[in-house]
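Here's the letter readout for the chains.
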Amino acid sequence: MGKLLEQVSSPYDLKKLPVPQLQMLADEIRQLILDSVSKAGGHLASNLGVVELTLALHYVFDFKKDRLLWDVGHQCYTHKIITGRKDKFAHLRRADGISGFPSPAESQYDQFTVGHAGTSIATAIGMALGEQLQKNTGYRIQDTEKKPATSDERRETNKIVVVVGDASIVNGVSFEALNNLGLVKRQLLIVLNDNSMAIDATVGAMAKYFSKVRLSQTYEDLRKTTSNILEHLPGIGKSVEEAMERIKKSIRMVLPASQMFESLNVPYFGPVDGHDIGSLIKLFSALSQLKHPAILHVYTKKGKGFVPAGLQPGKFHSTGPFKMNGDQVQTLTDKDRPTFTDVVGKHLIELAEKDTRIVAITSAMCDGTGLPEFRKRMPERFYDVGIAESAAVDIAAGLARAGARPVVCIYSTFLQRSFDQIFQEVALQNLPVVFCVDRAGLVGADGPTHHGLMDIGFLRMLPNMVLTAPADQIEVRLALEFALAQDKPVVIRYPRDLVPPQKFVRAACSEPFRLGKSVVVRRAKGAPIAIVSYGSVLTEALKAAGLLAQEGLPADVINARFAAPIDQTIIALLGQGKGIITVEDHNLACGFGSAVLELAAAGNATSRKLDAVRLLGAPRRFIGHNSRKCQLMEAGINADEIVRTAKEMLVENQVGI
Ligand SMILES: Cc1ncc(C[n+]2csc(CCOP(=O)(O)OP(=O)(O)O)c2C)c(N)n1
């Protein structure tokens, strides 16, 4: 650890350093981030870009009482390092270490556990309104038993600062919030961190607008803007508001950048250099005194200070562990098999080459959803709509209505944003939109904001929706072929994982998909139990059946393939006196197993027969960051738990022949 960083364990230590030393501290922090992320993986490029910005914010504000909200939250590493989590930083994203996102459970410096884009401005508005109310009413509104606020509390207003990226500020939720910023009659500073990147280059009209502004600015202009603002800083006793009004006027004369925000009635300042700590400190000091919301537009460089990340910010947005040799990087993944994502991307291209109606849509996750090659080969049939999951689904609905075959590739956790669009514009119209739901299930180090544990639940209740999940590489192709041949919406869910090794691939899984039909992959004579798996957990079901067989306990293994509609032959097993263990990489509540139970209960199964159904899946609590393997173990979604459950059922004599 660098010499200066050793002295800094809190923002109070930081404030003791003279400003000229802060750049050296920034360099030491960059090194720590680089060391840690190269070992554990994480969001590298965005974090390297905001080191100076974060130090300047903490130098000026006191976030023990002021509030700092990070949009998405993936860029909070420097903030964590200087707010008491420096020593735990080596264990970033590990079970025994700290989360890669803000977490109030870890520190009072964090306001919300976040990981999804676009939320910061709206939550900041809520906090501002809450504090406004508190001040006006004289009561601490958070207390159930109202206690009068002390005079100190009434006098003092905590400052609120939001840091939001240029890709996240154009998210619908951000815009809805900006539209309501007028509700706030007090200080609220929005720092627009513009690095002209989402994960890839930003897309859309706003990105073009920002880029036009950027291109019209030389570095000298940025310096002029900064000094223009700084020159007008009021002396002691002079009105900050007045000075700011003059600054705004002089900037407005030379800069078009303010137009958009000013037309929304949000005072705009900038753009300024987001790596110039000294100037940022002065700017934040001045802006902190405003009595109304304002935006400061800063330019930063994603991946700053690490050449490979600077050259390929998309690749290093979120990276696995890697080894560094000077500026050369070697990725440390022992990837002897493709991921489900890779296979989806590959087959989608093959199918799109044969059927020109197929189009692919992603919301700022081209790389993550395996679409870069599709984009390269068929750019006219590829749409990246930015961080706009709701719009992505509606664009798909429109495309389907116009005769195309849209395939929407979205992570399960972000698809939650699109529920209403899936309901009304897709399911209610019964339109043939295919949803490739990536990262469905437990996701590992990104933790609870990113698990995809709810998609079966919120999708299977929608009429017309077909829900399917491939178990292996061959089934990915079959599921895609099946989905694209339907005249209705179809969901294909798959995890953040490698496809299963060859030894788990079964002949039954090469049969074409038939609507609502499961396949039997292992039949054991006289088996009292059937393990019914949904999706990639088939491998665990097969492992469990193997272990049980070694102990002389035969079990069938059925690959359900569909969670809606469910194969009736699965329910019929109960009538044959068999016990069923359902397995899924999803929440137990409202998942595949629940669907089996509902169907069994709706039929003429007796309650005794319902007792013969056991569900394995994630419990109804949030599962923290860890490796995916450990999370599956924690949730009891693995072969050992299947074996334990099977034995329990046999011992309890609930099943048997
Ligand atoms: C709703 C939602 N969709 C997608 C993502 C995935 N995602 C994480 S960071 C990111 C890019 C954010 O870009 P920007 O806000 O400009 O911040 P930067 O990384 O450039 O600092 C995306 C698309 C997300 N976190 N939330």
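Residues numbered from 1 in each chain as written. Predicted model: local features only at pLDDT ≥ 70, side-chain atom pairs only at ≥ 80, totals over all residues. Heavy atoms only, no water.

Here we look at the overall build of the protein chain
Within the protein chain, the secondary structure is distributed over 28 helices and 19 strands. For the protein chain, the C-alpha radius of gyration of 27 Å lies close to 26 Å, the compact-globule estimate for 657 residues. Across its three principal directions, the C-alpha atoms of the protein chain cover 90 × 55 × 55 Å. For the protein chain, long-range pairs separated by at least 24 residues make up 76% of all intrachain contacts whose partners lie at least 6 apart in sequence. Accessible surface computed for the protein chain: about 26,800 Å², of which carbon and sulfur atoms make up 53%. Side-chain charges in the protein chain split into 77 positive and 69 negative, and the spacing between the mean points of these groups amounts to 1 Å. (Helix = DSSP H or I, 4+ residues; strand = E, 2+ residues; numbered from the N terminus. Rg over C-alpha atoms; globule rule 2.2 N^0.38 Å. Contact = heavy atoms within 4.5 Å. Areas by Shrake-Rupley, 256 points an atom, 1.4 Å probe, with all protein chains shown as cover. Lys, Arg positive; Asp, Glu negative; His and termini not counted. Charge placed at Lys NZ, Arg CZ, Asp CG, Glu CD.)

Some thoughts on helix 7 (residues 120–137)
Between the first and last C-alpha of helix 7 there are 25 Å, a value that for 18 residues agrees with the 26 Å anticipated at 1.5 Å per step. Buried residues belonging to helix 7 abut strand 1 (67–70), strand 2 (160–165), helix 9 (172–178) and strand 3 (188–194). Backbone geometry just after helix 7 places Gly138 at a positive phi near 80°. (Expected span 1.5 Å × (residues − 1).)

Let's talk about the packing of helix 11 (residues 219–231) against helix 14 (residues 277–287)
Between helix 11 and helix 14, the least distance of the axes is 10 Å, while the angle of their chain directions is 40°. As the angle between them shows, helix 11 and helix 14 are arranged oblique. You can see that helix 11 and helix 14 cross each other, and the crossing is left-handed. For the pair helix 11 and helix 14, the contacting residues are Thr226, Ile229 and Leu230 in the first and Ser279, Lys282 and Leu283 in the second. The class makeup of the residues in the contact of helix 11 with helix 14 is three nonpolar, two polar and one charged. (Axes fitted to C-alpha atoms, helices over the stretch in contact; angles between N-to-C directions. Parallel < 35°, antiparallel > 145°, perpendicular 65-115°, else oblique. Left-handed = near helix turned anticlockwise from the far one by under 90°. Nonpolar A, V, L, I, M, F, W, Y, C, P; charged D, E, K, R; others polar.)

Focus on the packing of aromatic side chains
Here a ring pair, both rings aromatic, is described through the centre-centre distance and the interplanar angle of the planes. All told, the structure shown has 14 aromatic pairs when counted by the stated rule. Residues Phe61 and Phe284 carry aromatic rings whose centres are separated by 6.4 Å and whose planes lie at 55° to one another, so their mutual orientation is tilted. Of this pair, Phe61 sits in the loop between helix 5 (51–60) and strand 1 while Phe284 sits in helix 14, placing them 223 residues apart in sequence. For Phe61, a relative accessible area of 2% translates into the label buried. Seen in terms of ring centroids, Phe482 and Phe562 are 5.3 Å apart; in terms of plane orientation they differ by 75°. Their pairing is edge-to-face. Note that Phe482 is positioned in helix 22 (residues 473–484) and Phe562 in strand 17 (residues 562–564), a separation of 80 residues in sequence. Classification of Phe482 as buried rests on a relative accessible area of 7%. According to the relative accessible area criterion, Phe562 is buried, its value standing at 0%. Following the ring pairs from residue to residue traces out a cluster consisting of Phe61, Phe63 and Phe284. One Lys or Arg, Arg214, reaches over the ring of Tyr299 and ends 4.2 Å from the middle of that ring. (Phe/Tyr/Trp six-rings, centres within 6.5 Å; stacked < 30°, edge-to-face > 60°. Buried < 20%, exposed > 50% of the residue type's maximum accessible area, 1.4 Å probe, protein only. Lys NZ or Arg CZ within 6 Å of the ring centre and 35° of its normal.)

Some points on the domain arrangement of the protein chain
Taken as a whole, the protein chain is organised into domain 1 (3–307), domain 2 (340–493) and domain 3 (517–651). Between domain 1 and domain 2, the contact holds 16 residues from the first and 19 residues from the second. Inspection of the region where domain 1 meets domain 2 yields two salt bridges. Our count for the contact surface shared by domain 1 and domain 2 stands at five residue pairs in polar contact (both at pLDDT 80 or more). (Domains from an automatic or database assignment. Salt bridge = Lys/Arg side-chain N within 4 Å of Asp/Glu carboxyl O. Polar contact = N/O pair within 3.5 Å; in protein donor to acceptor, adjacent residues only side chain to side chain.)

So, the side chain of Gln75
Mapped onto the elements of the fold, Gln75 is located in the loop between strand 1 and helix 6 (77–85). Overall, Gln75 belongs to the buried group, its relative accessible area being 5%. In terms of polar contacts, Gln75 uses its side chain to reach the backbone carbonyl oxygen of Asp71, at 2.9 Å. Beyond its immediate chain neighbours, meaning those up to four positions away, Gln75 contacts Ser46, Asn47, Val50, Trp70 and Val163.

Regarding the environment of Ile474
The residue Ile474 is located in helix 22 in this model. We classify Ile474 as partly exposed; its relative accessible area is 27%. Residues contacting Ile474, with those up to four places away along its chain left out, are Val505, Cys509 and Ser510.

Observations regarding the nonpolar core
If you look at the biggest cluster of nonpolar residues, it comprises 57 residues, and the most contacted ones within it are Leu25, Ile29, Ile33, Leu44, Leu55 and Phe284. The leading source of residues in this core is helix 3 (residues 22–40), at eight residues. Residues within four places of Leu44 in sequence aside, it is in contact with Ile33, Leu34, Val37, Phe306, Phe316, His317, Thr319 and Phe322. Counting 51 residues, the second largest nonpolar core, distinct from the first, contains Ala400, Val437, Ile558 and Ala612. (Core = buried A, V, L, I, M, F, W, Y, C linked by side-chain atoms within 4.5 Å.)

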